[in-house]
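# Coordinates in review
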Amino acid sequence: AICSLTDPNCNGCQYLKNINEFKCLKCRDYYFPNEDGICERCEMENCKKCSNKNFCLECEEGYTAYPDGICHSNIENCKIGIYSKEKNSPICIECNNYYYVDSDGLCKECEKPHMFVSCHKCHLDNGKVKCDEGTLYFGCSNFSKLGSCR
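What comes next is a walk through the structure. (Residues numbered from 1 in each chain as written. Predicted model: local features only at pLDDT ≥ 70, side-chain atom pairs only at ≥ 80, totals over all residues. Heavy atoms only, no water.)

### A closer look at the pattern of salt bridges
Side chains that carry opposite charge are capable of pairing whenever their charged atoms lie near each other. On inspection of all chains with the given rule, the structure shows five salt bridges. Between lysine 48 and aspartate 29 there is a salt bridge, with its nearest N and O atoms 3.8 Å apart. Of the two residues, lysine 48 is situated in strand E5 (residues 47-52) and aspartate 29 in the loop between strand E2 (21-27) and strand E3 (31-33); the sequence distance between them amounts to 19 residues. Since its relative accessible area comes to 25%, lysine 48 is described here as partly exposed. (Salt bridge = Lys/Arg side-chain N within 4 Å of Asp/Glu carboxyl O. Helix = DSSP H or I, 4+ residues; strand = E, 2+ residues; numbered from the N terminus. Buried < 20%, exposed > 50% of the residue type's maximum accessible area, 1.4 Å probe, protein only.)

### Comments concerning the state of the cysteines
Here a disulfide denotes a covalent bond joining the sulfur atom of one cysteine to the sulfur atom of another. Taken as a whole, this structure holds seven disulfides when the rule is applied. Paired through a disulfide, cysteine 47 and cysteine 56 show a sulfur-sulfur distance of 2.2 Å. Its S-S torsion of about 100 degrees marks the bond between cysteine 47 and cysteine 56 as right-handed, since a negative value means left-handed. The buried category is assigned to cysteine 47, whose relative accessible area is 3%. There is a disulfide in this structure between cysteine 59 and cysteine 71, and the S-S distance comes to 2.1 Å. Looking along the S-S bond of the cysteine 59-cysteine 71 disulfide, the torsion reads about -95 degrees, which is the left-handed sense. Here cysteine 71 lies in strand E8 (residues 71-73) and cysteine 59 lies in strand E6 (residues 55-59), a separation of 12 residues in the sequence. What makes cysteine 59 buried here is its relative accessible area of 9%. Taking the relative accessible area as the measure of exposure, cysteine 71 reaches 10% and is therefore buried. (Disulfide = S-S within 2.5 Å.)

### Comments concerning the pairing of E5
Pairing analysis gives four bridges linking E5 to E6, with the strands arranged antiparallel. Residue pairing for E6: cysteine 50 is matched across the bridge by cysteine 56. From the end of E5 to the start of E6, which pair antiparallel, there are two residues. (Pairing = 2+ DSSP bridges.)

### Some remarks on a nonpolar patch on the surface
Taken together, the side chains of Ile80, Ile82 and Ile93 present a nonpolar region at the surface, about 240 Å² in accessible area. Its place among the elements puts isoleucine 80 in strand E9 (residues 78-84). For isoleucine 80, a relative accessible area of 32% puts it in the partly exposed group. (Patch = residues over 30% accessible without salt bridge, like charges linked within 9 Å, V, L, I, M, F, W, Y side chains within 5 Å. Areas by Shrake-Rupley, 256 points an atom, 1.4 Å probe, with all protein chains shown as cover.)

### What to know about the packing of aromatic side chains
Taken as a whole and judged by the stated rule, the model has one aromatic pair. On the basis of an interplanar angle of 50 degrees and a centroid distance of 4.9 Å, the ring pair of tyrosine 66 and tyrosine 83 is categorised as tilted. With a gap of 17 residues between them, tyrosine 66 in the loop between strand E7 (63-65) and E8 and tyrosine 83 in strand E9 connect regions that are remote in the sequence. Judged by its relative accessible area of 22%, tyrosine 66 is partly exposed. (Phe/Tyr/Trp six-rings, centres within 6.5 Å; stacked < 30°, edge-to-face > 60°.)

Below, the structure is given as structure tokens:
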């Protein structure tokens, strides 16, 4: 609480007795603590968390931080992506509705489990696509994992 009084963008600070000052160690999103312990705004486009003005660690939804610290658009239909050092490419960890993350980290469209069902959220389970949430076209409007009306 005392940190935000000295710097409204500071989320965590440390009191330094030797200089009788508070130094910010953690800033809110879109800011980073500089050498003087003051929160400065990230200057990278679409960057949510940065280590300095020009190096992004975490991007806004729809973007992935690459090793060069720049935010690039996610792969198609990806809500939250990360850069995989193992694959040396971006992968998706959460897809948009109607899509699921396949074993390669790409977003694939949910398959219709039945001709009267539209699947909104699905996931890959032992090589098979399972529908978690969807819409049933007669009788009720929504169902859960068990396929029962909500």
